[in-house]
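# What the coordinates show
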Amino acid sequence: MHPVLDLTLMRKAFITGITGQDGRHLAEFLHGKGYKVFGMMKGQHNPRAELLRDEFPYVEIIPGDLTDLTSLVTALEQVQPDEFYNLGAISFVAMSFNQAELTANVTGLGVLRALEAIRMVGGAQNNPIRFYQASSSEMFGKVREVPQTELTPFHPRSPYGVAKVFGHHITMNYRESYGLHASSGILFNHEGPRRGLEFVTRKITNTAARIKLGIEKELVLGNTDAKRDWGYAGDYVKAMWMMLQQDEPDDYVIATGETHSVEEFLTLTFEKVGLGDWKNYVRHDPKFLRPAEVDLLIGDPSKAKTKLGWQPEVGFDKLVEMMVEHDIAYETRRLKK
Ligand code: F7E
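As a starting point, this report considers the structure included with it.

The sheet built from seven strands is open, its strands ordered E3-E2-E1-E4-E7-E8-E13 with parallel pairing. At either end of the open sheet lies a strand with only one pairing partner, and these are strand E3 (60-63) and strand E13 (251-254). Shown here is a sheet whose adjacent strand axes are inclined to one another by a mean of 25°, direction ignored. Set on the sheet, helix H3 (residues 69-79) makes contact with strand E1 (12-16), strand E2 (36-41), E3 and strand E4 (83-86); between it and E3 the angle comes to about 145°.

Rendered as structure tokens:
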């Protein structure tokens, strides 16, 4: 048998949140590294399953849900993974204000269930399951220091941020209490053509492309003063994998170390699309304001650079360009259909 096709020789990765932006980037990355990739998916007849099968025929879909511990245990018993990447979450901050309880259950308690499932199933002797938790810069919220490091105190500003703080601390606690190889990546905003249309970057590049093509007339936004440290998702999933290759588990800030406002993102996008001044197209609507806002995020990725040897490849300008090019092509294809 060809060694690559021999399942017993392949390292196995189990990913929750497989249909999200990061899940898809990570599946692609790990497949390229020779892993057998398993993706957990919830629900009966989930329409995303078919899309995932088309895009990644090599990913094996495993049924399960972060709100159901038994399903997680069953999934881990079946897969016996070497590595478990917990990317599943209610990840849209704005939505977490309307569905706070669901967010706490999935984004927060889901981490506890994942860790408990690992404790129960364990993994092969001498080869315990390694765990990655997708922590978030939203935990810093109303920031206590600039830039933010692994030691900056948390002050979350949304039910999402609060749930992520729980997930972060419970991961540390299980590492310290039970010796699990459990690491957290405190990931700052990371974007790209696979970003969902509800997030501000993709909303901007996609709507600008639609305005350019005459499909849409305006772009309606909330707070355009907010500043974020925006990187490229493809770079960030590599950092997740690097964390799990270390002898010792730990927590790492993953960021570019640069911050830009939503207005700067608008300026660059409208310039690249060739529409000129964004102010001619953008309307503010208070319905997109959040009950509490995170004004400024900027991460210090020094630890990841020194200890993991990680660094981002794609800068701000390139990121915007990538997303604009993708959305012009994407919307042009849709027009022709
Ligand atoms: O908002 C402002 C909004 O929704 C960015 C998630 O992946 O990154 C993400 O969280 C900023 C905010 O991302 C609109 O008020 C203005 O200040 O793109 P976003 P986020 O909330 O920073 C972190 C690291 C995560 O972990 C999260 O899962 O943009 N903004 N007008 C708007 N935002 C949206 N979505 N839509 C607007 O119309």
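What follows is about the site of the ligand. The environment of the ligand is formed by 24 residues, the closest being Ser91, Ser136, Tyr160, Arg290 and Glu293. Lysine 203 is positioned such that a nitrogen or oxygen atom in its side chain is 2.7 Å from an oxygen atom of the ligand. The contact in question runs from an oxygen atom of the ligand to an N or O atom on the side chain of arginine 228, over 2.8 Å. A total of 710 Å² of accessible area belongs to the ligand in isolation, and the protein chains cover 96% of it. When contributions to the shell around the ligand are tallied by element, the ones reaching two or more residues are helix H7 (200-212) and strand E10 (219-221).

The next subject is the pairing of E1. Among the five residues in E1, five count as buried, and that is most of the element. In this sheet, E2 lies alongside E1 in parallel orientation, the contact comprising five bridges. Bridge pairing in E2 links isoleucine 15 to glycine 39. Handedness of the crossover joining E1 and E2 through helix H1 (residues 21-32) is recorded here as right-handed. Relative to E4, E1 runs parallel, the two sharing four bridges. Paired with phenylalanine 14 across the strands is phenylalanine 84, a residue of E4.

In this section: the nonpolar core. Across soluble globular proteins, nonpolar side chains show a tendency to be buried alongside one another. With 32 residues, the main nonpolar core has Ile15, Leu26, Leu30, Tyr85, Tyr132 and Ile254 as its most contacted residues. When residues of this core are traced back to their parent elements, those giving at least two are E1, H1, E2, helix H2 (47-55), strand E7 (130-136), helix H8 (233-244), E13 and helix H10 (302-308). In terms of residue count, the dominant contributor to this core is H8 (eight residues). Those residues in contact with isoleucine 15 that lie beyond four places of it in its chain are Gly23, Leu26, Ala27, Leu30, Val37, Phe38, Gly39, Met40, Tyr85 and Leu87.

This part takes up the environment of isoleucine 215. Mapped onto the secondary structure, isoleucine 215 falls in the loop between H7 and E10. On the basis of relative accessibility, which here comes to 34%, the residue isoleucine 215 falls in the partly exposed class. On a C-alpha basis, the gap between isoleucine 215 and methionine 323 in space is 18 Å, while along the polypeptide they are 108 residues apart. Beyond its immediate stretch of four places on either side in the chain, isoleucine 215 contacts Arg210, Glu331 and Leu335.

On to the packing of H1 against H8. Across the interface, H1 lies against H8 with an axial gap of 9 Å and an inter-helix angle of 65°. Seen along the crossing, H1 lies across H8 with a hand that is right-handed. The residues of H8 that touch H1, namely those facing Gln21, Asp22, His25, Leu26, Phe29 and Leu30, are Ala233, Gly234, Val237, Lys238, Met240 and Trp241.

Our next topic: the packing of helix H9 (residues 262-273) against helix H11 (residues 316-336). As a packed pair, H9 and H11 sit with axes 10 Å apart at the nearest point and diverge in direction by 50°. Here H11 runs oblique to H9, going by the angle between their axes. Crossing angle aside, the handedness with which H9 passes H11 is right-handed. Across the interface between the two elements, Glu264, Phe265, Leu268, Thr269, Lys272 and Val273 of H9 pack against Phe316, Asp317, Val320, Glu321, Met323, Val324 and Ile328 of H11. Considering only residue class, the contact of H9 with H11 consists of eight nonpolar, one polar and four charged.

What follows covers empty space enclosed by the protein. With the rule as written, the count across this model stands at one cavity of 30 Å³ or more. Of the volumes computed, that of the largest cavity is approximately 30 Å³. Forming the walls of the largest cavity are Val93, Phe97, Glu138, Arg157, Ser158, Arg290, Ala292, Glu293 and Val294. Within the lining of the largest cavity, the residues separate by chemical class into four nonpolar, one polar and four charged.

About the thresholds
Residues numbered from 1 in each chain as written. Predicted model: local features only at pLDDT ≥ 70, side-chain atom pairs only at ≥ 80, totals over all residues. Heavy atoms only, no water. Pairing = 2+ DSSP bridges. Helix = DSSP H or I, 4+ residues; strand = E, 2+ residues; numbered from the N terminus. Axes fitted to C-alpha atoms, helices over the stretch in contact; angles between N-to-C directions. Contact = heavy atoms within 4.5 Å. Near = heavy atom within 4 Å. Polar contact = N/O pair within 3.5 Å; in protein donor to acceptor, adjacent residues only side chain to side chain. Areas by Shrake-Rupley, 256 points an atom, 1.4 Å probe, with all protein chains shown as cover. Buried < 20%, exposed > 50% of the residue type's maximum accessible area, 1.4 Å probe, protein only. Right-handed = clockwise from strand over helix to strand, strands pointing away. Core = buried A, V, L, I, M, F, W, Y, C linked by side-chain atoms within 4.5 Å. Left-handed = near helix turned anticlockwise from the far one by under 90°. Parallel < 35°, antiparallel > 145°, perpendicular 65-115°, else oblique. Nonpolar A, V, L, I, M, F, W, Y, C, P; charged D, E, K, R; others polar. 1 Å grid on protein atoms, 1.4 Å probe; cavity = no way out; pocket = protein on both sides within 12 Å on 5 of 7 lines; lining within 4 Å. Points joined across faces, edges and corners; volume = space filled by probe spheres on them.

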